[in-house]
2 protein chains.
Amino acid sequence: MDDRDVSVREAGPRDGIQIINGFMPTAAKTAWIAAEAACGVREIEVTSFVPAKVIAQFADADAVAAAALAVPGLLASALVPNLRGAERAVAAGVRKINFVMSVSRTHNLNNVRREREESVADFRRIVAMARALPEERRPLLVGGLSTALGCSFEGRVAVDEVRRFAGLLAEAGAQEIVVADTVGYGDPALVRAVFGAVASEVGPVPLAAHFHDTRGTGLANVAAALECGVRAFDSSLAGLGGCPFAPGATGNIVTEDLCFMLESMGLRTGIDLEALLAVRRQVAEALPGVPVQGALARAGLPRGFRGAADRALAA
Amino acid sequence: MDDRDVSVREAGPRDGIQIINGFMPTAAKTAWIAAEAACGVREIEVTSFVPAKVIAQFADADAVAAAALAVPGLLASALVPNLRGAERAVAAGVRKINFVMSVSRTHNLNNVRREREESVADFRRIVAMARALPEERRPLLVGGLSTALGCSFEGRVAVDEVRRFAGLLAEAGAQEIVVADTVGYGDPALVRAVFGAVASEVGPVPLAAHFHDTRGTGLANVAAALECGVRAFDSSLAGLGGCPFAPGATGNIVTEDLCFMLESMGLRTGIDLEALLAVRRQVAEALPGVPVQGALARAGLPRGFRGAADRALAA
């Protein structure tokens with residue numbers, strides 16, 4: 001890894017399918033995960049350990065996790081909203097756990113039904129649980145901050161609030177902080193302000209960005225975060241997704257468009273773009289009637305495009 | 001004007017409709033122009049003075065220009081590909097003429113049927129013609145460089161070629177240089193390289209950016225150009241558009257999404273976003289069957305959004 005290496009983490013099997021109508025068959029989910037890993041995607045958020053009565057789509061979390069953990073070379077992460085979810089993830093053998101809470105108090109109450117301070121306390125319990133495990137079963141622990149660039153209920157969120165909760169999660173033991181624009185309120189200036197503030201608060205803890213493209217600014221926000229030194233981005237194949245408890249939310253930034261922009265800029269994703277477009281077609285066929293987004297799939301790669309290898313001059 | 005003021009120039013009545021099927025009625029064009037000017041859009045490229053046998057959509061160029069010139073407070077510009085078009089524009093009373101040529105030799109041959117050096121020579125003749133006019137009829141002359149970030153025929157275009165032709169147009173008398181990503185090959189790193197090179201070549205001549213969103217990078221490219229000091233952007237309401245002689249080209253960046261991002265960043269467009277969304281609906285109704293793009297129209301403004309006035313801290 002050097003400064004030109006960027007980690008694109010597929011969030012589609014979790015964030016991309018949580019609000020679609022109908023259950024995506026477990027075999028289709030695991031085929032998607034394996035196929036995308038084969039394109040060079042090295043980290044995928046494969047499922048969510050939430051109660052099946054809250055999101056029925058993840059009733060098969062254990063089975064999906066087991067299949068994903070068997071994919072060679074893949075880091076399979078899972079979202080957890082609380083200690084119970086983290087315990088289930090550990091029992092399933094998951095090695096990277098994405099704990100998430102909201103910076104917006106109202107969104108946190110709607111999404112996980114508790115005050116933000118209770119979420120931080122729950123994360124402390126998750127850290128204690130993980131630290132008590134033998135090293136070979138101990139997962140990496142991520143602290144995720146949703147609605148960090150705005151909230152459908154509260155509007156703009158104060159940068160100092162994002163900084164404060166990032167600091168609390170880092171202090172509690174988060175090994176990575178994910179800053180998420182859950183409802184697509186971000187712009188490049190706000191991204192620079194928020195990531196700058198969070199970076200100065202959490203010091204050496206690596207930051208990742210999770211952007212939604214709700215109002216068209218997703219890739220512009222990526223470019224701004226790159227300037228802040230961020231080198232890890234969540235995205236969703238075909239831009240699938242949205243949050244069931246955030247009115248007006250639409251999908252994550254589009255994985256294939258993100259990879260195109262990064263490679264065009266001379267940054268290295270390690271991902272085969274043509275292969276990725278083929279997996280996109282496979283996933284779209286497995287989700288009939290679900291809207292797909294994305295510019296690259298419509299327009300195709302530029303003539304003569306060879307990715308980062310060809311882009312040293314512009315990097 | 002200070003560094004926070006940005007000029008958003010509507011290109012839809014020219015670039016947005018040149019490849020649609022069917023003739024947009026003159027009255028619908030002029031209603032669009034007047035309605036968008038009433039939103040606070042101060043410059044609109046209202047038509048193209050090309051032969052009607054080349055693009056039938058602009059057979060009414062004189063009538064559209066006459067109507068646009070009567071709109072209070074509006075700077076109505078027009079595209080011209082050659083001296084004959086510039087003479088027609090001047091006869092129509094147009095006060096800003098956008099001459100365009102391609103940096104890509106192949107695209108220039110396809111688009112205006114001449115070598116690039118012949119296009120530069122033609123621009124010199126346009127400058128001489130304009131300078132011979134009495135001051136009250138003399139138009140502002142813009143030098144536009146299409147395919148400056150890539151070409152469907154030639155692939156990537158050398159930055160030094162863009163610099164060279166920008167220098168030739170500035171030397172010939174261009175009072176503004178427009179750098180255009182005609183087919184949406186750009187990325188933020190390339191934008192910084194190209195605009196940096198052009199700015200150093202043309203010195204005090206102001207630069208404008210004309211981006212297409214073919215591969216999803218349009219607004220990211222705007223953010224990169226803003227960092228290079230660019231404060232003028234072409235766009236198209238609802239992302240209408242594309243070039244008839246550039247295979248795979250799709251529409252310009254979306255005017256309303258661009259304005260949202262700029263205002264959210266604390267930059268001032270002077271444009272009423274809610275009013276702009278109403279004009280979008282009017283134009284879409286006047287163009288039945290023509291695909292429209294745009295995220296803001298689908299998602300709506302963020303809760304509590306008040307535009308640049310509210311954004312001083314993040315600017």
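Counting restarts for each chain: residues are numbered from 1 in the order of the written sequence. Note on labels: chains are lettered from A, ligands numbered from 1, in written order. Where totals are concerned, whole chains, interfaces and linings use all residues; where local detail is concerned, this predicted model gives features only for residues with pLDDT of at least 70, and gives and counts side-chain atom pairs only at 80 or more.

### Section: the overall build of chain A
Stated precisely, the cut-off is as follows: Every helix listed is a DSSP run of H or I at least four residues long, and every strand listed is a run of E at least two residues long, numbered separately from the N terminus. The quantity called the radius of gyration is restricted to C-alpha atoms. Its globule counterpart is 2.2 Å times the number of residues to the power 0.38. Three exposure classes are used. Buried residues have 20 or more other C-beta atoms within 10 Å of their own C-beta, exposed residues have 12 or fewer, and partly exposed residues fall in between, all C-beta atoms being placed from the backbone.
When its secondary structure is counted, chain A shows 12 helices and eight strands. Computed over the C-alpha atoms, the radius of gyration of chain A is 18 Å, within 12% of the 20 Å expected from 2.2 N^0.38 for a compact globule of 315 residues. With the C-alpha coordinates aligned to their principal axes, the bounding extent of chain A is approximately 55 × 40 × 40 Å. The proportion of buried residues among the 315 residues of chain A is 58%.

### Digging into the sheet that holds strand 6 (residues 176-181) of chain A
Residue and element names in this part refer to chain A. Heads up, the condition is: By definition, two strands form a pair when at least two bridges between them are found by DSSP. Working convention: axes come from line fits to C-alpha atoms, limited for helices to the stretch in contact. Angles between N-to-C directions cover 0 to 180 degrees. Two residues qualify as a contact pair if the distance between their C-beta atoms, derived from the backbone, is within 7 Å.
Pairing in this closed barrel of eight strands is parallel, and the strands run 1-2-3-4-5-6-7-8 around the ring. Across this sheet, the average inter-strand angle for adjacent strands is 25°, counted without regard to direction. Of the strand pairs in this sheet, strand 1 (residues 7-10) and strand 8 (residues 232-235) are connected by four bridges, and their pairing is parallel. Paired with Arg9 across the strands is Asp234, a residue of strand 8. Packing against the sheet, helix 7 (residues 159-172) makes contact with strand 5 (140-146) and strand 6, and its axis sits at approximately 165° to strand 5. Taken strand by strand, helix 8 (residues 188-202) contacts strand 6 and strand 7 (207-211), and its axis lies near 160° from that of strand 6.

### Considerations on the pairing of strand 1 of chain A
The pairing of strand 1 of chain A with strand 2 (residues 43-48) of chain A spans two bridges and is parallel. Residue pairing for strand 2 of chain A: Arg9(A) is matched across the bridge by Glu43(A).

### Concerning the relation of the copies chain B and chain A
Quick reminder of the rule: When the copies are overlaid, the least-squares fit takes in C-alpha atoms only where the residue has pLDDT of at least 70 in both copies.
Once chain B has been moved 0.0 Å along the axis and rotated by 180°, it coincides with chain A to within an RMSD of 0.0 Å. These values place the two chain copies in the arrangement generated by a two-fold rotation axis. Every residue of chain B has its C-alpha some distance from the rotation axis, and the shortest such distance is that of Ala220(B), at 1.8 Å. Of the interface residues in chain B, 100% have counterparts in chain A that sit at the interface too, so the contact is made through matching surfaces.

### Things to note about the nonpolar core
To be explicit about the condition: Only buried Ala, Val, Leu, Ile, Met, Phe, Trp, Tyr and Cys residues enter a nonpolar core, and they are joined through C-beta atoms within 7 Å.
Formed by 206 residues in total, the largest nonpolar core has its most connected members in Val179(A), Val222(A), Val179(B) and Val222(B). Aside from chain neighbours lying at most four places away, what touches Val222(A) is Ala209(A), Phe211(A), Phe233(A), Ile253(A), Leu258(A), Met261(A) and Ala220(B).

### Regarding the interface of chain B and chain A
The condition that has to hold: Under the scheme applied here, ten amino acids are nonpolar (Ala, Val, Leu, Ile, Met, Phe, Trp, Tyr, Cys and Pro), four are charged (Asp, Glu, Lys and Arg), and all others, including Gly, are polar.
Across the contact, 39 residues belong to chain B and 39 residues belong to chain A. Secondary structure elements with two or more residues in the side of chain B that touches chain A: helix 8 (188-202), helix 9 (218-227), helix 10 (255-264) and helix 12 (296-299) of chain B. The dominant element in the side of chain B that touches chain A, judged by the number of residues it contributes, is helix 9 of chain B, at five residues. Residues that form the side of chain B that touches chain A fall into these classes: 20 nonpolar, 13 polar and six charged.

### A word on helix 5 (residues 105-112) of chain B
All names here are of chain B. Let me state the cut-off plainly: What the arc describes is the spread of directions from the helix axis to the C-beta atoms.
When helix 5 is considered as a whole, its buried residues turn out to be His107, Asn108, Asn111 and Val112. One face of helix 5 carries all of its buried residues, which in axial projection span an arc of 100°. Turning to helix 5, the residues buried within the fold contact strand 4 (96-102), helix 6 (116-131) and strand 5 (140-146). In the segment just after helix 5, Arg113 is the residue with positive phi, at about 60°.

### Focus: unusual backbone geometry
Although it is not a glycine, Thr147(A) adopts a positive phi angle of roughly 50°. Of note, Thr147(A) is situated in the loop between strand 5 and helix 7. At Arg113(B), a position not held by glycine, the phi torsion is positive, near 60°. By the element assignment, Arg113(B) lies in the loop between helix 5 and helix 6.

### Some thoughts on the pairing of strand 7 (residues 207-211) of chain B
Residue and element names in this part refer to chain B. Heads up, the condition is: When the strands point away from the viewer, a crossover counts as right-handed if the path from the first strand over the helix to the second runs clockwise.
Summarising burial for strand 7: five of the five residues are buried, a large majority. The pairing of strand 6 (residues 176-181) with strand 7 spans five bridges and is classified as parallel. In the sheet register, Ile177 faces strand 7, and the bridge partner there is Leu207. Handedness of the strand 6-helix 8-strand 7 crossover: right-handed. Here two bridges tie strand 7 to strand 8 (residues 232-235), and the two strands are oriented parallel to one another. Among the inter-strand pairings, Ala209 is bridged to a residue of strand 8, identified as Phe233. For the segment spanning strand 7, helix 9 and strand 8, crossover handedness is right-handed.

### Details of the sheet that holds strand 4 of chain B
Residues and elements named next belong to chain B. Ordered by their spatial adjacency, eight strands build a closed barrel running 1-2-3-4-5-6-7-8, and the pairing between neighbours is parallel. Across the sheet, the mean angle separating the axes of adjacent strands is 25° when strand polarity is ignored. Set on the sheet, helix 5 makes contact with strand 4 and strand 5; between it and strand 4 the angle comes to about 125°. Against the sheet, helix 9 contacts strand 6, strand 7 and strand 8, and its axis sits at roughly 170° relative to strand 7.

### Quick look at the packing of helix 2 (residues 26-38) of chain A against helix 11 (residues 273-286) of chain A
Residue and element names in this part refer to chain A. What counts is decided by this rule: Should an angle fall under 35 degrees it is called roughly parallel, over 145 degrees roughly antiparallel, and 65 to 115 degrees roughly perpendicular, with every other angle called oblique.
Two numbers describe how helix 2 lies on helix 11: the axes approach to 10 Å, and their chain directions differ by 175°. The orientation of helix 2 relative to helix 11 falls into the category roughly antiparallel. Note on element contacts: helix 11 touches helix 2 through Val279, Gln282, Val283 and Ala286, opposite Ala28, Trp32, Ala35 and Glu36. The residue makeup of the contact of helix 2 with helix 11, split by class, is six nonpolar, one polar and one charged.

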